[in-house]
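# Observations on the model geometry
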Amino acid sequence: MTTRRRFIAGLAAGTGAAAALPGMPALAQAAGDRVRKLVLYSDPQASAPAAYQAALLVAQTWRQLGLEVDVRPTPRQQHSQIVWFERERWDTTMWRMVGRPERSDPDELIFNLFHSTTAKAGFNFVGYNNPDYDKLAEAQRGATDQAKRKELVLQAQAMIDRDQPYAFLVHPFNIAAFNKTVWDPKSIVVQSGVGIRNLWTFIGATPLGQRKDMVLNARFNLIALSPLYISGATDSWVTDLIWDRIARVGPDGLPRPWAAEKIEWAGEKAVDATIRAGMSWHDGRPVTVDDVIFSFEAPARGDKVPMYRPFVVDIDKVERTGERTVRFHLKRPNASFITSSLAKINLVPKHIWEPVLADLANKPENVDQLKEPSTVGSGPFKLARARFNEEIVLERFGAHWAAPKMERWILRIIPNPEATIGMMRSGELNFLGDYGGDPEVLEKLTKDVPAIQMAPETDIGFEFVAFNHRRKPFDEPAFRRALSLALDRNVMVQAAWNGYAVTANSHVSPALKFWHSSAVDNPKTGVPQAREILAQAGYRTVDGKLHYPAGRKEDLKPGE
Amino acid sequence: MAFLGRRLLHSLFVLWAVVTILFLMFRLMPGNPLAAYINETMTEDQQEAMLRQFGLDRPLWEQYLIYIGNLLSGELGLSFHQRKPVWDILMAAFPNSIVLTVTGLSLAYVFGVVVGAFLAWKRGTWIEGIGVPLVLTTRAAPEFWVGMLLLAVFSFGLGWFPAGGANSAGAFYDSELERFLSLDFLRHLTLPALTLALYLQGLPLLLMRSTMLEVMHEDFVTMARMKGLSEWRIVIRHAARNALLPVVTAFALGLGLAMGGNVVVETVFSWPGLGRLLVGAVSSSDYPLAQGAFLLISGVFVVMNLVADLAYTALDPRVSHDRVK
């Protein structure tokens, strides 16, 4: 019996036991209307097996509280449409927040997920509205003193723990693997919250033999390859390597200078950067301070670079202060500026992009619609060939100050996970960068073929159940807290994620050791605990069904 | 000529109907194409700007007229997702698909015709007793299962063939023709083409067999026997040639059908073809790309249908569509 089956069987037995327990006293005289049937949206099993399995477990647990729950698997596109564009319509949904290197700074998740200004059309799709939280989110953003900021980030996590706007479930593992007879294991770098598929591995991976090409896989086709357009996740792996940035998120999750030798705060609203000497573009021309200034000013001018505009809105002015020095003047203090802007904006050659943007100025199109955007960057790799649904080939850029040890970085698009395993076995791939199959199959491969080493790493992202605060009873923190604390996260980890995840109760992953609050980890969970919270909030169970507190009416219909 | 003109008009009408159905189908599907681009960096204004850019803020009839106008001027539009001309994206995948389809189909038809004729010849023997159920079983096996089986045996097990893609990692060629003619491409093509061939061989085989059985009872075959010709000569020179007619028609139609049905094979073998492109476009509501891909497949189908009609007339002068009332 697999681990997953054993846990489901165990849970089912637990359900039976719970049903046999004496329920709460039926106090029909003190009860309000019966809580309507709740709809829990999920991606279909085929596209998100773990999340779907988790949805079934969630529904099973909530039913023990006297709720009627309908799990509604919905194709991804339609699911996104409902959750994102029809914000009044749904009750609860399985959702995930993906990890990205720039999310190593907690600002993006602390601010965007729960600040009330992003509730209407932004990422606060659950509609959490807490003025106290807003103040904390704003204060941490403005605190350039790291110790003070950390204290505010911890407070924000405590507030989210109290209010439970989501029921956080798990931080899944990023699963990757490599062939240790091809690549020196000591040269493979684990980046906090990201895993081994990162820039530091790609520049540092040292070949042990004659094979000097890294051949890795991606499940999804590339969408675009442009330094001024953010497209798919796979695309960003490639753009990260072709274009340099002033700073990079380091293996420890904290920002560090990259194309700059030095980055320093000059007061609360200014940052100085000294650009490295001797850098050049892939076409041989030197990288200058003017190129750097242009790279940050281009997204700010007009609406021609819409995707990168949000990352420069806090910049008031970029000033040349010397041959290799530049000062960023900010409109307001922004503690995450180095990560959210300097480690995000791609440096682009002014001599190529200035005429392109000038040409676009008189047209309705923007850079997103450029048919053949230039791929000249200054990064450690340069583009040799791009076939978006087949293969991307990058070559080492020998003139780079951090030139890679490998000769070529070859990304193969392989949609079939079983074939991916076969290719690792046969040597067609020597680095597994993207795996969507069963982790146990990969683990078995590492046992059969000792040359393959697996490298799981806790993700910055997380999987959760989102509650729609616009719809009662989810407007009540006590109700949300009860539903959240009813869920045993350890069961989720084992039964839905096959043990390849850690439990979650915060929007700041434990992978970000500096920022994560361990005080909110592992809250006491269980159905009895949830029943107690509901009872204290006035909810009553009548004939096994949960009712609102006295006087509260149900005026919504399921799925309305 | 009049027949050809009428057939061309029919084909154009069919294409117009396909275009219209495709246009409406994608727009009536649930889901906003923007849902595929959800990103916390995208403001409400940016979302609206994106709808404007792609003309999705205009009434449906206006979108339809623009779409038809663009098609008439040979413009398939820009992919929502890749922001590239749909034609360029399709043409990057089309050669791979056509090579896979033609190879798989040719293998299937050569095998089907030969074995079909053989089974008809061996009518009533134990060979037929084993052969026909075997053919039906192979035909009924799901493509992904056959593909995975071939992968497990010939790639993962014996290591004779690569597990995916159309070329080895990082292989460079001076031209597409050189690539298609390379041994490396052939090695990559073998398993997917074989999977497709195994899936497709049932139709030509059974068609050839049943037509042969009919033909074998014709007067001219009896005459040949009376002349003392060998059984082998009768089967090959007289019966098989006459039985080939419906098989040729089926081949032409099969090419059109197989073009759209390669999705599974392309996914199992990571083959960079039209089928995978189509699935990606549909799942991300990339209307222009999905419409373009469907249109291309429909175009191949309609053209091959026309070719089948013409081939039928040319191969058998007794058949004239003009005389059919």
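For the structure itself, consult the block above.
Definitions and cut-offs
Residues numbered from 1 in each chain as written. Chains lettered and ligands numbered in written order. Predicted model: local features only at pLDDT ≥ 70, side-chain atom pairs only at ≥ 80, totals over all residues. Heavy atoms only, no water. Helix = DSSP H or I, 4+ residues; strand = E, 2+ residues; numbered from the N terminus. Polar contact = N/O pair within 3.5 Å; in protein donor to acceptor, adjacent residues only side chain to side chain. Contact = heavy atoms within 4.5 Å. Salt bridge = Lys/Arg side-chain N within 4 Å of Asp/Glu carboxyl O. Buried < 20%, exposed > 50% of the residue type's maximum accessible area, 1.4 Å probe, protein only. Phe/Tyr/Trp six-rings, centres within 6.5 Å; stacked < 30°, edge-to-face > 60°. Buried area = accessible area lost by both parts, 1.4 Å probe. Pairing = 2+ DSSP bridges. Axes fitted to C-alpha atoms, helices over the stretch in contact; angles between N-to-C directions. Expected span 1.5 Å × (residues − 1). Bend = angle between axes of the 7 residues up to and from the residue. Left-handed = near helix turned anticlockwise from the far one by under 90°. Nonpolar A, V, L, I, M, F, W, Y, C, P; charged D, E, K, R; others polar.

## Some points on the side chain of H188 of chain B
You can see H188 of chain B is positioned in helix α8 (residues 183–200). Looking at H188 of chain B, its side chain comes within polar contact range of the main-chain oxygen of D184 of chain B, at 2.8 Å. Those residues in contact with H188 of chain B that sit more than four places away from it in its chain are R412 of chain A together with P162, G164, G165, A166, N167, S168 and W271 of chain B.

## A word on the pattern of salt bridges
All names here are of chain A. For the structure shown, the criterion picks out 36 salt bridges over all chains. A salt bridge links R219 to D434; the nearest nitrogen and oxygen atoms lie 3.2 Å apart. With a gap of 215 residues between them, R219 in the loop between β6 (213–218) and α8 (233–242) and D434 in the loop between β16 (431–432) and α13 (439–448) connect regions that are remote in the sequence. What makes R219 partly exposed here is its relative accessible area of 30%. Note on D434: relative accessible area 11%, which makes it buried. One continuous salt-bridge network, built from bridges that share partners, spans R36, D91, R471 and E554.

## Re the side chain of T93 of chain A
Residue and element names in this part refer to chain A. Summarising the element assignment, T93 is placed in strand β4 (residues 92–97). The class of T93 is buried, set by a relative accessible area of 0%. When sequence neighbours within four positions are dropped, the list of residues in contact with T93 reads L40, Y41, H79, V83, F125, F464, V465 and A466.

## As for the packing of aromatic side chains
A ring pair, where both rings are aromatic, is described by two values, the distance of the centres and the angle of the planes. Residue and element names in this part refer to chain A. Under the counting rule described, the total for this entry stands at 34 aromatic pairs over all chains. Geometrically, the ring pair formed by F467 and F474 is stacked, given 5.4 Å between the ring centres and 10° between the ring planes. In this pair, the class of F467 matches that of F474, namely buried. Feature note: the residues W84, W90, W95, F114, F123, F125, Y128, Y133, Y166, F168, F462 and F464 constitute an aromatic cluster, connected by ring pairs.

## Focus on the interface of chain A and chain B
If you look at the interface, chain A gives 49 residues, while chain B gives 52 residues. Of the roughly 4,100 Å² buried between chain A and chain B on both sides combined, carbon and sulfur atoms contribute 53%. Connecting chain A to chain B are two salt bridges. Note that E390 of chain A is salt-bridged to R179 of chain B, the shortest N-O span being 3.9 Å. Our enumeration of links across chain A and chain B arrives at nine residue pairs in polar contact (both at pLDDT 80 or more). Broken down by secondary-structure element, the contributors of at least two residues to the side of chain A that touches chain B are α3 (76–85), α4 (107–114), β13 (381–387), β14 (391–396), β15 (408–413) and α12 (417–426) of chain A.

## Re the sheet that holds strand β12 (residues 325–330) of chain A
Residues and elements named next belong to chain A. Strand order in this open sheet of four strands is β9-β10-β12-β11, and the pairing throughout is antiparallel. Every other strand in the sheet has two partners, leaving β9 (260–265) and β11 (315–320) as the edge strands with one partner each. When strand polarity is set aside, the average angle formed by the axes of neighbouring strands in this sheet is 15°. As defined by bridge partners, β11 adjoins β12 across five bridges and the pair is classed as antiparallel. Each residue of the ladder has a partner; that of V318, found in β12, is F328. Helix-sheet contacts for helix α9 (residues 289–297) involve β10 (270–275), β11 and β12, and the interaxial angle to β11 is about 170°.

## Some thoughts on unusual backbone geometry
With glycine set apart, most residues show a phi of negative sign, and most peptide bonds adopt trans. Backbone torsion omega between K472 of chain A and P473 of chain A reads 5°, so that peptide bond is classified as cis. Inspection of the secondary structure assignment puts P473 of chain A in the loop between β18 (462–467) and α14 (477–485). Not every positive phi belongs to a glycine, and S270 of chain B is a case in point at roughly 50°. In this structure S270 of chain B comes out as buried when scored by relative accessible area, which is 2%.

## Topic: helix α6 (residues 143–157) of chain B
Taking 1.5 Å per residue as the helical rise, α6 of chain B with its 15 residues ought to reach 21 Å, and the 19 Å between its terminal C-alpha atoms agrees with that figure. Taken as a whole, α6 of chain B carries its principal kink of about 30° at L151 of chain B. Of the residues making up α6 of chain B, those classed as buried are E143, V146, G147, L150, L151 and S155 of chain B. As for α6 of chain B, its buried residues are in contact with α12 of chain A together with α8 and α12 (263–268) of chain B. Downstream of α6 of chain B by a residue or two, G159 of chain B has a phi angle that is positive, lying close to 70°.

## Remarks on the packing of helix α4 (residues 86–121) of chain B against helix α9 (residues 202–215) of chain B
Residue and element names in this part refer to chain B. At a closest axis distance of 7 Å, the pairing of α4 and α9 adopts a crossing angle of 35°. The two elements α4 and α9 meet at a crossing, and its hand is right-handed. Along its contact with α4, which presents A108, Y109, F111, G112, V113, V115, G116, A117, L119 and A120, the element α9 presents L203, P204, L205, M208, R209, M212 and L213. Taken together, the residues of the contact of α4 with α9 sort by class into 14 nonpolar, two polar and one charged.

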